[in-house]
Amino acid sequence: MPLGWLQSLALLAARLYVAQVFFQSGLSKLRDWSSTLALFQDEYHVPLLPPELAAYMGTGGELVLPVLLVLGLGGRFAALGLTMVNIMAVLSLEEIAPAALAGHQLWGALLVLVVLWGAGSMSADAWWRRRSSR
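These numbers come from a predicted model, not from an experiment.

K.L.:
Would you explain the packing of helix H1 (residues 4-31) against helix H3 (residues 51-71) in this entry?
P.N.:
Any two packed helices are characterised by how steeply their axes cross, that is the angle between the axes, and by the distance between the axes. With their axes 8 Å apart at the nearest point, H1 and H3 run at an angle of 155° to one another. Judged on the interaxial angle alone, H3 and H1 are roughly antiparallel. Seen along the crossing, H1 lies across H3 with a hand that is left-handed. Between H1, through Arg15, Leu16, Val18, Ala19, Phe22, Phe23, Ser25, Gly26, Leu27, Lys29 and Leu30, and H3, the contact on the second element is made entirely by Thr59, Glu62, Leu63, Pro66, Val67, Leu69, Val70 and Leu71. Of the residues assigned to the contact of H1 with H3, the class counts are 13 nonpolar, three polar and three charged.

K.L.:
I tried to follow a nonpolar patch on the surface on my own but got confused; where do I start?
P.N.:
Taken together, the side chains of Leu3, Trp5, Leu6, Leu9 and Met122 make up a nonpolar region of the molecular surface, amounting to roughly 500 Å² of accessible area. Inspection of the secondary structure puts Met122 in the loop between helix H5 (98-117) and helix H6 (124-132).

K.L.:
Mind showing me how you'd approach a positive patch on the surface here?
P.N.:
A cluster of basic residues, Arg76, Arg129, Arg130, Arg131 and Arg134, forms a positive patch on the protein surface. Ranked by residues supplied to the positive patch, first place goes to H6 with three residues.

Reading the values: rules and limits
Residues numbered from 1 in each chain as written. Predicted model: local features only at pLDDT ≥ 70, side-chain atom pairs only at ≥ 80, totals over all residues. Heavy atoms only, no water. Axes fitted to C-alpha atoms, helices over the stretch in contact; angles between N-to-C directions. Helix = DSSP H or I, 4+ residues; strand = E, 2+ residues; numbered from the N terminus. Parallel < 35°, antiparallel > 145°, perpendicular 65-115°, else oblique. Left-handed = near helix turned anticlockwise from the far one by under 90°. Contact = heavy atoms within 4.5 Å. Nonpolar A, V, L, I, M, F, W, Y, C, P; charged D, E, K, R; others polar. Patch = residues over 30% accessible without salt bridge, like charges linked within 9 Å, V, L, I, M, F, W, Y side chains within 5 Å. Areas by Shrake-Rupley, 256 points an atom, 1.4 Å probe, with all protein chains shown as cover. Salt bridge = Lys/Arg side-chain N within 4 Å of Asp/Glu carboxyl O. Lys, Arg positive; Asp, Glu negative; His and termini not counted. Charge placed at Lys NZ, Arg CZ, Asp CG, Glu CD.

Below, the structure written as structure tokens:
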């Protein structure tokens, strides 16, 4: 495929951008854990989960999945996981500003690309496939 390298570069850029957004969000939650717990108790209404469990799961997802996404290790899995985090973030808020919603939509669209096409040739997944086929 003549433009395969361009697709891989675009997938890498998407992975890096989205991972940075979610990882920074996870770090901000860790910096002030008591505020994070209060937000999940009062503001974020995650369906079917107790607030404290939702806080741990959401923060864990925002810290672990972006690392996998950057590495392209389990790229589709990481993108699907962050898609779930993204959807829960939107659904758990009673009101969301239009600019914030647009950000979530952009991140969702970029994650869908990784889910559909994988992490690309610039990833641990591709390296592993090349190594295994020898």
